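# Examining the three-dimensional arrangement
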Amino acid sequence: MSQLIGYASGVFDLFHIGHLNLLKQARAQCDYLVAGVLTDEASCHKGFPPAIPLDERIEVVRSMSCVDEAIVDPTLENLDAWQQIGFHRLFKGDDWRGTSRSERWERDFGTLGVEVIYLPNTPHAPSANLHRLINHL
């Protein structure tokens, strides 16, 4: 039997418990977890640039025991990552569920036999809240 490979991408800026929860939940549902760390350019969907440089964000993610491999992800579309890795499960936070992007992921990845799994977010820990707090200091 082959390994079940999972993929979870994110900005992983100002690493917090929500990030850790997502990665641990994803790892519990696959044999090998690859984490994609979005470039600054791909992170623009958040409405603000990352506070932490990409090389530092990827190093933090790489150091997590629940992550088997971390790669730079230049896009939110994830098809490039699938072509590179060949993952079987795509993990996303449930805040993506019902968006036009999630509908596209479900359609595109469904034709490839990849399961899109939405994991519950940690309600009090979104990065946007941390950015707002820091900007008010």
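It should be noted that the structure appears before, not after, this text.
Presented here is an overview of the structure given in this document. Computed from a predicted structure; not experimentally measured.

## So, the sheet that holds strand β4 (residues 89-93)
Strand order across the open sheet formed by five strands is β3-β2-β1-β4-β5, with parallel pairing between neighbours. Here the strands that pair on one side only, and so sit at the sheet edges, are β3 (69-73) and β5 (115-119). Going from strand to strand, the sheet's axes swing by 25° on average, the running direction of each strand aside. Examined bridge by bridge, strand β2 (residues 32-38) and β3 share five bridges and lie parallel to one another. By the bridge assignment, Val 34 is partnered in β3 with Glu 69. Sitting on the sheet, helix α1 (residues 17-27) touches β1 (5-10), β2, β4 and β5, and the angle it makes with β2 is about 145°. Helix α4 (residues 100-111) rests against β4 and β5 of the sheet, and its axis sits at about 145° to β5.

## Examining the state of the cysteines
Applying the stated criterion across every chain yields a total of zero disulfides. Considering cysteine sulfurs only, Cys 30 is the nearest to Cys 66, which forms no disulfide, with 9.7 Å between them. We classify Cys 66 as buried; its relative accessible area is 8%.

## Thoughts on the pairing of β2
Burial within β2 is extensive, with six of its seven residues counted as buried. Alignment of β1 against β2, held across six bridges, turns out to be parallel. If you follow Gly 6 over to β2, its bridge partner there is Leu 33.

What counts as what
- Residues numbered from 1 in each chain as written.
- Predicted model: local features only at pLDDT ≥ 70, side-chain atom pairs only at ≥ 80, totals over all residues.
- Heavy atoms only, no water.
- Pairing = 2+ DSSP bridges.
- Helix = DSSP H or I, 4+ residues; strand = E, 2+ residues; numbered from the N terminus.
- Axes fitted to C-alpha atoms, helices over the stretch in contact; angles between N-to-C directions.
- Contact = heavy atoms within 4.5 Å.
- Disulfide = S-S within 2.5 Å.
- Buried < 20%, exposed > 50% of the residue type's maximum accessible area, 1.4 Å probe, protein only.

By themselves, these observations are geometric and do not establish any function.
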